[in-house]
Amino acid sequence: MTDQQRDKTTNPEGAEGVGAAQERTERTRSRRVHAPATDIYETDQGLILLVDLPGVVPDAINVTLEQNVLTIRAHTEDRPPPGYSLVHQEYLPGDFERAFTLSDEIDAERIEARMTDGVLRLFLPKVGPAATRRIQVRSA
Amino acid sequence: MARGNLFGMGPGTFEEMQRLQDEINRLFSSSSTGVRQAQSGGFPAVNAYAGEHGVVLTAELPGVRADDLDISAFRDTVTMRGTRRPPEDAKGYHRRERRQGDFIRTITLPFAVDPNRVEAQMVNGVLYVTLQRPPEDQPRRIKVAAG
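Rules behind the numbers
- Residues numbered from 1 in each chain as written.
- Chains lettered and ligands numbered in written order.
- Predicted model: local features only at pLDDT ≥ 70, side-chain atom pairs only at ≥ 80, totals over all residues.
- Heavy atoms only, no water.
- Helix = DSSP H or I, 4+ residues; strand = E, 2+ residues; numbered from the N terminus.
- Buried < 20%, exposed > 50% of the residue type's maximum accessible area, 1.4 Å probe, protein only.
- Pairing = 2+ DSSP bridges.
- pLDDT = per-residue confidence, 0-100.
- Contact = heavy atoms within 4.5 Å.
- Buried area = accessible area lost by both parts, 1.4 Å probe.
- Salt bridge = Lys/Arg side-chain N within 4 Å of Asp/Glu carboxyl O.
- Polar contact = N/O pair within 3.5 Å; in protein donor to acceptor, adjacent residues only side chain to side chain.
- Nonpolar A, V, L, I, M, F, W, Y, C, P; charged D, E, K, R; others polar.
- Axes fitted to C-alpha atoms, helices over the stretch in contact; angles between N-to-C directions.

1. A closer look at the overall build of chain A
So, step 1. Per the secondary structure count, chain A includes one helix and nine strands.
So, step 2. Ordering the α and β elements of chain A from the N terminus gives α-β-β-β-β-β-β-β-β-β.
So, step 3. Out of the 140 residues in chain A, the part that is buried amounts to 44%.

Structure follows, in structure tokens:
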């Protein structure tokens, strides 16, 4: 993991003031909020994030990118099956929230998100080699 | 522990509640990294809902394909077996928190289930297993006659 990919959830007092403040102030629901388990790996084209969001429908996911901070928020509807009541609980359903600070080499315009079987897959393409531009120096 | 009686009805009720409390405490204390971990009783963690005619078990299994999942029931025992495949295009990991590979979990219920009426469904990465008690095994309502 590079410094740029430092995860703010393990670093709540980190230097990313804007994102952190946002996280603290946007909590409007009184539900439990989990940081979802995430894999981050490299491919030839860029970075892939796999985020476990069980019980989340694609419409209930909100992915934002602001000033290199990628924030994933999702909420679940916890409905017991009709006619049944909870008798044993090993996991606590709740909403999900997690933020990552991205490095500069990510092409924010081409980020792709896909949801399959409760897993969010984010593709973060790397920016291609910057085209060198010649600057003409004109004489006055 | 994975084979513990789920509802703890009968003589073991207090021990069962204590165990549940311990597990919940552990669940909370494990959140120091902010990542919740299913440590209770094995993987996957299971919630159970009881109804008049049976029970619904739910388990969070994001990324597990229905084809890679095998549910079986025998008398009072339910077994969930499956695998979560690792991504094929991964070159190098920066972070690897999601559990991968095979898992098996066996759960003992406080009653026998009808093996012919087990329904399993995956909805957005959550497994729902509906189990029915056999008709002859269901609690009978006893009418109290006024004397």
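2. Considering the sheet that holds strand β5 (residues 69-74) of chain A
Working definition: the strands of a sheet are paired by backbone hydrogen bonds and lie parallel or antiparallel to each other.
So, step 1. Across the sheet, four strands lie side by side as β1-β7-β5-β4 (chain A); this open sheet has mixed pairing. Each edge of the open sheet carries a strand with a single partner, namely β1 (33-34) and β4 (61-66) of chain A.

3. Topic: the confidence of the model for chain A
So, step 1. The pLDDT averaged across chain A works out to 78; a share of 74% of its residues lies at or above 70.
So, step 2. In the model, residues 1-25 of chain A has pLDDT below 50 throughout and makes 39 contacts with residues more than four positions away in sequence or in other chains.

4. Topic: the environment of D59 of chain A
So, step 1. Mapping D59 of chain A onto the fold places it in the loop between β3 (46-52) and β4.
So, step 2. Sequence spacing of D59 of chain A and A74 of chain A is 15 residues, and the spatial spacing of their C-alpha atoms is 8.9 Å.

5. Digging into the interface of chain B and chain A
So, step 1. If you look at the interface, chain B gives 49 residues, while chain A gives 48 residues.
So, step 2. Interface area, chain B with chain A, both sides summed: about 4100 Å², of which 53% is carbon and sulfur.
So, step 3. The interface formed by chain B and chain A includes six salt bridges.
So, step 4. In this structure, the connection of chain B to chain A is made through 23 residue pairs in polar contact (both at pLDDT 80 or more).
So, step 5. Listed by contribution, the elements that provide at least two residues to the side of chain B that touches chain A are α1 (13-29), β1 (46-50), β2 (54-60), β5 (92-96) and β8 (126-132) of chain B.
So, step 6. With six residues, β2 of chain B is the largest single contributor of residues to the side of chain B that touches chain A.
So, step 7. For the side of chain B that touches chain A, a count of residues per class yields 21 nonpolar, 15 polar and 13 charged.
So, step 8. Two strands pair when backbone bridges link them, and strand β6 (residues 85-88) of chain A and β1 of chain B are joined in this way by three bridges, in the antiparallel orientation.

6. A few points about the pairing of β5 of chain A
Successive residues of a regular strand alternate their side chains across the two faces of the sheet.
All names here are of chain A.
So, step 1. The buried count for β5 comes to six of six residues, which makes it a mostly enclosed element.
So, step 2. Every second residue of β5 is oriented toward a common face, with V69, T71 and R73 on one face and L70, I72 and A74 on the other, all of them buried.
So, step 3. Judged from the six bridges that link them, β4 and β5 form a sheet pairing that is antiparallel. Of the residues in β5, the one forming a bridge with E66 is V69.
So, step 4. Adjacent in sequence and paired antiparallel, β4 and β5 are bridged by two residues, among which Q67 carries a positive phi angle near 50°.
So, step 5. Direction of pairing for β5 relative to strand β7 (residues 95-101): antiparallel, over a ladder of six bridges. Residue pairing in the sheet places R73 in a bridge with E97 of β7.

7. Brief notes about the sheet that holds strand β3 (residues 69-74) of chain B
Residues and elements named next belong to chain B.
So, step 1. Overall, antiparallel pairing links the three strands, which are arranged β3-β4-β6 in an open sheet. Looking at the sheet topology across the chains shown, the edges are occupied by β3 and β6 (101-108). Along the sheet, successive strands turn relative to each other by an average axial angle of 10°, direction set aside.

8. Notes on the environment of A73 of chain B
Residue and element names in this part refer to chain B.
So, step 1. For A73, the location among the structural elements is in strand β3.
So, step 2. Separated by 40 residues in the primary sequence, A73 and V113 place their C-alpha atoms 7.3 Å from one another.
So, step 3. Leave out the neighbours within four places in its chain, and A73 touches V78, V113, P115, V118 and L131.

9. What about the pattern of salt bridges?
So, step 1. Within this structure, the stated rule accounts for 13 salt bridges over all chains.
So, step 2. A salt bridge links D39 of chain A to R98 of chain B; the shortest N-O distance between them is 3.3 Å. Here D39 of chain A is found in strand β2 (residues 38-42), whereas its partner R98 of chain B is found in the loop between β5 and β6 on a different chain.
So, step 3. R105 of chain B serves as the salt-bridge partner of E90 of chain A, at 2.8 Å between the closest nitrogen and oxygen. With E90 of chain A in the loop between β6 and β7 and R105 of chain B in strand β6, this residue pair bridges two chains. The pair E90 of chain A / R105 of chain B is uniform in exposure class, with both members buried.

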